[in-house]
Each structure stands twice: as C-alpha cells, then as structure tokens.
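Here's the letter readout for the chains.
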Amino acid sequence: MEIIKLQLDDENTLYNPFDDELLSDDVRSYLIDRVSLIEHDVSLKIICEKPIDEERFRKVLRFALEEREKQLLDEGKRNFIHQLIMLAIGVVCLMLWLVLSAKEDNVRVQILSILASFAVWEAANVWLVDTPDNSRHLLHVKKLRSADVIFEYGKKDDVLNLDQYEE
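Everything numeric here is computed off the predicted structure, so don't read it as measured data.

A. Examining the packing of aromatic side chains more closely. For the structure shown, the criterion picks out one aromatic pair. Residues Phe 57 and Phe 151 carry aromatic rings whose centres are separated by 6.0 Å and whose planes lie at 90° to one another, so their mutual orientation is edge-to-face. Of this pair, Phe 57 sits in helix α2 (residues 54-103) while Phe 151 is found in strand β5 (residues 148-153), placing the two residues 94 residues apart along the sequence. Phe 151 carries the same exposure label as Phe 57, and that label is buried. Over the face of the ring belonging to Tyr 15 we find Arg 56, whose NZ or CZ atom lies 3.8 Å from the ring centre.

Following this line, the structure appears as structure tokens:
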C-alpha cells in the first residue's frame, strides 16, 4: 500500500475559498493525479500542524469524489451517445454515397463520401481514445474513494522526516 501525503499549514487549504463545504480544486486535482501514478491500493495521509476537523474533511472528500464519479459516468454516457450518433450518420452517408455514386459523379457525392468518412472516424475516435481515458479516470476516483485517510499532527520539522512511513 502506498501513501499519498498532503502536508498543510492550515486547514483552510483543503477547502474551496468560496464554499468551505467543497474540497479545493487544487487538492482534488493533486490527489487524483497522484493516485493515477499508483497501481495498487493507497492511503491518504493528511499532515497538519494543528488538529483539524477530521470528520468534516472525510465528508467533504467523499462528496467531492462522488461528484467527480457522477461527472465521469455522465461523460461516459454522453460519449456513448455521441459515438452511436456519429456511427449512424456515417452509415447513412455511406449508404447514400454508394447509391448515388452508381448514378452520378459530382461534388455532392464526394461531399457525402467525406461526411461518411468523418463521422465513422469520429465514432472510432470516441471508442478508441475518449472511452478508455474516461474509464481510467473513473478507476482512479474509485481507488481514491476507497483509500484510508490518516491524520498526523505536529510541527512541520517533526513531520518532514516521513521515511519511516513509506513501505
């Protein structure tokens, strides 16, 4: 198990400056970026000079990660719908191109060919690039949601020597 350390001077650093019931965007981004580099289970260690409201932080973290998970699931649904629509447009344009190319050869037929190619390529791009990225981000958020949160308090000089905690 690997530990992600978050060292703070002040509890307010954890929260959004405009709404203290939300996790700071910087903290959330940092945590998700760090968990993306770790292949196995993680723990989150919050290191602060003064005691903080641990239950409040756990609640805000849980809410932030649930919201991010909902966003990623919604994005996955939108990607799937986008993929289906582009594939349908591509198939229809391709069928029209096949029918019209046998009868006439003009600019409109070539435009249909280009539209069909673009739509099919866009559907493939969503399937091959966007969907795996979204799934990977969703796994990172779920891994962070299941992480143990450990709090440690003390002077900064005392907590800088954290080699004893790394395994």
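This is not the end of the story, as more comes after the structure.
B. Quick look at the pairing of strand β4 (residues 42-48). With seven of seven residues buried, β4 lies mostly within the body of the structure. Burial along β4 is two-sided: the face carrying Val 42, Leu 44, Ile 46 and Cys 48 and the face carrying Ser 43, Lys 45 and Ile 47 are both buried. Here strand β1 (residues 2-8) pairs with β4 via seven bridges, running parallel. Counterpart to Leu 8 in the pairing with β4 is Cys 48. Note that β4 and β5 share six bridges and pair parallel. Across the sheet, the residue bridging to Ser 43 is Asp 148, located in β5.

C. Focus on helix α3 (residues 107-145). Taking 1.5 Å as the rise per residue, α3 with 39 residues should run 57 Å; its terminal C-alpha atoms sit 55 Å apart, in good agreement. In α3, a bend of some 30° at Val 126 exceeds every other bend along the element. For α3, the side-chain oxygen to backbone nitrogen distance between the N-cap and Arg 108 is 3.1 Å, and the N-cap itself is Asn 106.

D. Just the sheet that holds β1, in detail. Read across the sheet, three strands follow the order β1-β4-β5 without closing on themselves; strand pairing throughout is parallel. Only two strands of the sheet have a single partner each, and these edge strands are β1 and β5. Strand-to-strand twist of the sheet, defined as the mean angle between neighbouring strand axes without regard to direction, takes the value 20°. Running over the sheet, α2 touches β4 and β5 and is turned about 145° from β5.

Thresholds applied
- Residues numbered from 1 in each chain as written.
- Predicted model: local features only at pLDDT ≥ 70, side-chain atom pairs only at ≥ 80, totals over all residues.
- Heavy atoms only, no water.
- Phe/Tyr/Trp six-rings, centres within 6.5 Å; stacked < 30°, edge-to-face > 60°.
- Helix = DSSP H or I, 4+ residues; strand = E, 2+ residues; numbered from the N terminus.
- Buried < 20%, exposed > 50% of the residue type's maximum accessible area, 1.4 Å probe, protein only.
- Lys NZ or Arg CZ within 6 Å of the ring centre and 35° of its normal.
- Pairing = 2+ DSSP bridges.
- Expected span 1.5 Å × (residues − 1).
- Bend = angle between axes of the 7 residues up to and from the residue.
- Polar contact = N/O pair within 3.5 Å; in protein donor to acceptor, adjacent residues only side chain to side chain.
- Axes fitted to C-alpha atoms, helices over the stretch in contact; angles between N-to-C directions.
- Contact = heavy atoms within 4.5 Å.

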